[in-house]
Amino acid sequence: MPELVYPPVIAAAKTMFRVLDLRLTVQGSHHVPRTGGAVMASNHVSYLDFIFCGLGALESRRLVRFMAKESVFRHRVSGPLMRGMRHIPVDRGAGAESYAAALAALRAGEVVGVFPEATISRSFTVKELKSGATRMACEAAVPVLPVALWGTQRLWTKGRPRTLTRRHTPITILVGEPLHPAAFPDANAMSAELKTRLQDLVDRAQREYSDQPADDADRWWLPAHLGGTAPTPEEAAALDTADRRPSRG
């Protein structure tokens, strides 16, 4: 099937990155296989993470099919684009169907993008991972590639206003070495190793990041353990719980 939507979207995104002079650092993209199925499993700190995670596969000339909330596919603007790029809708009330679609894509030789934390981490640390990424990798017998993103939260994240026109922002994309299902006794063991690898990559991205907060008011995008004012993991969990409660009145 010809790719009529994805390449123009990528070209438009690259143009916007140049206009905004985003300082992109991409390392490890050679780990993405040039053929065959693979899972790219990324940490999640921004609503824009799927765009930047996908950049990690461009050196290998691969297009990533991301699993995304079904509501995004219903939006009048994003919906046609998401369907045209053959991303995979996730209906949390019918998870088996989404899982089957992703598994079919992997078996057909596609690269599938997953955010195993399931939601954006307000603390900008790696949360506990859902096991779906490693379970589908084990069933399809394909590798899992850990991906660390950093700096994307400064453009648009949960609980903060969008700053999509922010210029000169450093963005880090680190693709780690693949995890192969054959090296693990089961998906849970593979998921535990994935979390360790993700945490190591995120720690490295934060440690090597080329920018620092301009002042105390700008420390919101740093995690608490690095001296920032982002919520601690415990505070972030409480905020997520509050978001899930039905509103009254």
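Above this text is the structure in question.
Overview of the structure. None of the values given here were measured: they were computed from a predicted structure.

Notes on the overall build of the protein chain
Link 1 in the chain: Of the regular secondary structure elements, the protein chain holds 8 helices and 7 strands.
Link 2 in the chain: Computed over C-alpha atoms, the radius of gyration of the protein chain comes to 18 Å, within 12% of the 18 Å expected from 2.2 N^0.38 for 249 residues, which places it in the range of a compact globule.
Link 3 in the chain: Here the C-alpha coordinates of the protein chain stretch approximately 50 × 45 × 40 Å along the principal axes.
Link 4 in the chain: Going through the 249 residues of the protein chain one by one, you find that 46% of them count as buried.
Link 5 in the chain: Restricting to contacts in the protein chain with at least 6 residues of sequence separation, those with at least 24 account for 74%.
Link 6 in the chain: Element-wise, carbon and sulfur atoms account for 54% of the exposed surface of the protein chain, whose accessible area totals about 12700 Å².
Link 7 in the chain: When the 32 basic and 25 acidic side-chain charges of the protein chain are each reduced to a single mean position, those positions are 6 Å apart.

Considering helix H6 (residues 132-140)
Link 1 in the chain: Burial in H6 covers these residues: Gly132, Ala133, Thr134, Met136, Ala137 and Ala140.
Link 2 in the chain: In the core, the buried residues of H6 are packed alongside strand E2 (38-42), strand E3 (64-69), helix H5 (95-107), strand E5 (111-114), strand E6 (144-150) and helix H7 (187-207).
Link 3 in the chain: Ala141 sits one or two positions beyond H6 and adopts a positive phi of about 55°.

Some thoughts on the packing of aromatic side chains
Link 1 in the chain: Enumeration over the complete set of coordinates arrives at 6 aromatic pairs.
Link 2 in the chain: An angle of 10° between the planes, with centres 6.0 Å apart, marks the rings of Phe66 and Phe115 as stacked. Of this pair, Phe66 sits in strand E3 while Phe115 sits in the loop between E5 and H6, and the two are 49 residues apart along the sequence.
Link 3 in the chain: Among the residues examined, Phe66 registers a relative accessible area of 2% and is labelled buried.
Link 4 in the chain: Between Phe124 and Trp150, the aromatic rings sit 6.2 Å apart at their centres with planes inclined by 80°, giving edge-to-face as the arrangement. Taken together, the residues span a long stretch of sequence, with Phe124 in the loop between E5 and H6 and Trp150 in strand E6 at a distance of 26 residues. With respect to class, Phe124 is no different from Trp150; both count as buried.
Link 5 in the chain: An aromatic cluster is defined as three or more aromatic residues linked by ring pairs; in this entry it consists of Phe50, Phe66 and Phe115.
Link 6 in the chain: Positioned above the aromatic ring of Trp221 is the side chain of Arg154, whose terminal nitrogen or guanidinium carbon lies 4.1 Å from the ring centre.
Link 7 in the chain: Residue placement shows Arg160 over the ring face of Trp220; its charged tip is 4.2 Å from the ring centre.

Topic: the sheet that holds E6
Link 1 in the chain: In spatial order, the strands read E1-E7-E6-E2-E5-E3-E4; together these 7 strands make up an open sheet with mixed pairing. The open sheet has two free edges, formed respectively by strand E1 (23-27) and strand E4 (88-90), since each of these has just one partner strand. When the angles between neighbouring strand axes are averaged without regard to direction, this sheet yields 20°.
Link 2 in the chain: Bridge analysis of E2 against E5 gives 4 bridges, and the strand direction is parallel. Pairing of Val39 across the sheet is with Val112, part of E5.
Link 3 in the chain: Each of E1, E2, E6 and strand E7 (170-175) touches H7; the most contacted strand, E6, lies at about 30° to it.

What to know about the packing of H6 against H7
Link 1 in the chain: Relative to each other, H6 and H7 sit at 125°, their axes nearing to 8 Å. Between H6 and H7, the interaxial angle falls into the category oblique. Considering only the axes of H6 and H7, their crossing is right-handed. Here H6 contributes Thr134, Arg135, Ala137 and Cys138 to the contact with H7, which in turn contributes Ala187, Met190, Ser191 and Leu194.
Link 2 in the chain: Looking at the contact of H6 with H7, its residues break down into 5 nonpolar, 2 polar and 1 charged.

Details of the side chain of Thr134
Link 1 in the chain: Considering the arrangement of structural elements, one finds Thr134 in helix H6.
Link 2 in the chain: With residues near it in sequence (within four places) discarded, Thr134 still touches Ala187, Met190, Ser191 and Leu194.

Digging into the environment of Ala182
Link 1 in the chain: Along the chain, Ala182 turns up in the loop between E7 and H7.
Link 2 in the chain: Exposure remark for Ala182: the relative accessible area of 83% places this residue in the exposed category.
Link 3 in the chain: Spatially, the C-alpha atoms of Ala182 and Gln212 are 41 Å apart, while their sequence positions differ by 30 residues.

Here is what the cut-offs are and how they apply
- Residues numbered from 1 in each chain as written.
- Predicted model: local features only at pLDDT ≥ 70, side-chain atom pairs only at ≥ 80, totals over all residues.
- Heavy atoms only, no water.
- Helix = DSSP H or I, 4+ residues; strand = E, 2+ residues; numbered from the N terminus.
- Rg over C-alpha atoms; globule rule 2.2 N^0.38 Å.
- Buried < 20%, exposed > 50% of the residue type's maximum accessible area, 1.4 Å probe, protein only.
- Contact = heavy atoms within 4.5 Å.
- Areas by Shrake-Rupley, 256 points an atom, 1.4 Å probe, with all protein chains shown as cover.
- Lys, Arg positive; Asp, Glu negative; His and termini not counted.
- Charge placed at Lys NZ, Arg CZ, Asp CG, Glu CD.
- Phe/Tyr/Trp six-rings, centres within 6.5 Å; stacked < 30°, edge-to-face > 60°.
- Lys NZ or Arg CZ within 6 Å of the ring centre and 35° of its normal.
- Pairing = 2+ DSSP bridges.
- Axes fitted to C-alpha atoms, helices over the stretch in contact; angles between N-to-C directions.
- Parallel < 35°, antiparallel > 145°, perpendicular 65-115°, else oblique.
- Left-handed = near helix turned anticlockwise from the far one by under 90°.
- Nonpolar A, V, L, I, M, F, W, Y, C, P; charged D, E, K, R; others polar.

Fair warning: the whole summary comes from geometry, so function is off the table for now.
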